[in-house]
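# Examining the three-dimensional arrangement
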Amino acid sequence: MSSTDPPPAKRQRTDDAPVATRSELWNDDGNVVLQAVNTQFRVHWKVHWSVLMRDSSVFSDLRGLPQPSEQPLVEGCPIMEISDDPLDVEYLLKALYIPSFHCQKLLPFPVVRALIRLGRKYDFKYLYDSALARLTTLFPVTLKGYDVSYSTIEVYNGLTRDVIWLARKNNILSVLPAAYHFLLSHETTIRLLQGAERMDGTLAVLPVPDLFKCIFGRERLFKTQFQPGYTLGWLRKWDFKGCTSMRPCRKSREAVLASFVDAYLQDGLITPESIFARGFLFCSGCRQHIRESTEAGRTKMWQALPSFFDLPAWDELKNG
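Sequence order sets the numbering: in each chain, residues are counted from 1 along the sequence as written. Note on the predicted model: pLDDT of at least 70 is required for a residue's local features to be given, and 80 or more for side-chain atom pairs to be given and counted; whole-chain, interface and lining totals, by contrast, use all residues. In computing side-chain properties, one takes all heavy atoms of the structure into account and sets aside hydrogens as well as water.

Let us look at the overall build of the chain. Segments assigned H or I by DSSP are reported as helices when at least four residues long, segments assigned E as strands when at least two residues long, and all are numbered from the N terminus. Scanning the chain for helices and strands turns up 14 helices and 7 strands. Burial status follows relative accessibility: with a 1.4 Å probe on protein chains alone, a residue under 20% of its type maximum counts as buried, one over 50% as exposed, and anything between as partly exposed. Buried positions account for 48% of the 320 residues belonging to the chain. Across the chain, the fraction of contacts at a sequence separation of at least 24, relative to all contacts at a separation of at least 6, is 67%. The method behind every accessible area is Shrake-Rupley, applied with a 1.4 Å probe, and residues are considered shielded solely by the protein chains displayed. Summed over all atoms, the accessible surface of the chain reaches about 16,100 Å², with 55% contributed by carbon and sulfur. Note on contacts: a residue pair qualifies if any of its non-hydrogen atoms lie within 4.5 Å across the two residues.

The next subject is the nonpolar core. Take the buried residues of types Ala, Val, Leu, Ile, Met, Phe, Trp, Tyr and Cys, join any two whose side-chain atoms come within 4.5 Å, and each joined set is a nonpolar core. Grouped together as the largest cluster of nonpolar side chains are 64 residues, with contacts concentrated most on Ile116, Leu135, Ile172, Trp302, Leu305 and Phe309. Top element by residues in this core is helix α4 (residues 109–121). It accounts for 7 residues. Among residues more than four places away in sequence, those in contact with Ile116 are Tyr128, Ala131, Leu132, Leu135, Leu166, Asn170 and Ile172.

So, on to the side chain of Glu187. Residue placement: Glu187 occurs in the loop between α8 (176–186) and α9 (189–194). Each residue touching Glu187, except ones within four places of it in the same chain, is listed here: Arg161, Leu192 and Arg218.

Another point: helix α10 (residues 208–224). What a helix should span is 1.5 Å times the count of its residues minus one. With 17 residues, α10 extends 24 Å between its outermost C-alpha atoms, agreeing within 8% with the 24 Å of an ideal straight helix rising 1.5 Å per residue. Where α10 bends most, at Gly217, the angle is about 25 degrees. Of the surrounding secondary structure, the elements contacted by the buried residues of α10 are α7 (159–169), α8, α9, α12 (246–262) and α14 (284–308). Two axes enter the bend calculation: one fitted to the seven residues ending at the residue in question, the other to the seven starting there, and the bend is the angle between them.

Let us now look at a nonpolar patch on the surface. Taken together, the side chains of Leu193, Val208, Phe212, Ile215 and Phe216 present a nonpolar region at the surface, about 470 Å² in accessible area. When residues of the nonpolar patch are assigned to their parent elements, the largest contribution, 4 residues, is made by α10. Mapped onto the fold, Phe216 is located in helix α10. Taking the relative accessible area as the measure of exposure, Phe216 reaches 47% and is therefore partly exposed. Note that patches include only residues with greater than 30% relative accessible area and no salt bridge, and the join distances are 9 Å for like charges and 5 Å for nonpolar side chains (Val, Leu, Ile, Met, Phe, Trp, Tyr). Only one rule defines a salt bridge in this text: a Lys or Arg side-chain nitrogen within 4 Å of an Asp or Glu carboxyl oxygen.

Nothing here speaks to function; it is all geometry.
Given below as structure tokens:
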């Protein structure tokens, strides 16, 4: 089979098969039809299909497969069936043929999900890596990255849960610790169990294993954040001798502790600035002590973060 031959295709379907519909991605000069479930995409073997073969070792290997003697044809084009979600296939083809499509500053989550799913399945490495970078930018593997993290995925209610689903299904373990922590520092246990309603009215919920990790992890995180050497350890044991306003500073320290304990607030990665922004008054010496103790504790908390969720250490968490 030459490099200009069309790809192998499957045999004619039975009469009771659903009628296929055309996608918007239908090139009139195409000579190959990709069919995902009952949606068809027409591409050109030389121009478009070569892109698939160039970027995907899986599609490249298909070139060498023998063709069946009887092929279904659409407008003279052989059909190649693939068992993928049609919308995922549409996003993949757009990313391949329209480079600006997946290079936008913000991408909808379904597009990122499609590039992860099909990029991984068909070995489109650069598309997979670009989508993965969006996940790890949102939920990084370093504390420095976490402090400056931002979303290149369109934000909506339920996004973090959907990211966890995607990561779990595709073995992208490195994003899980930060994603778990983000949920726990923003939601109560009740809200965690209830799920989050998306804009379309559907409910985003956590997979059961991840839900249990979050519930058990919350208790571990809550207790650990107050231990000596960790983020809020200074609240329980005050050994700073340079205080110039002992009574007001003591009251402020007690108020900070009460605000966390009474609300069962878990935020072991809180910054000193966030604590001071709550209006608690400390003398300059205590402020410096709190800043240094909190920063050192955050570093220690981050290093231990995966262990709170029974995950391997940071350097052992793998993607893919």
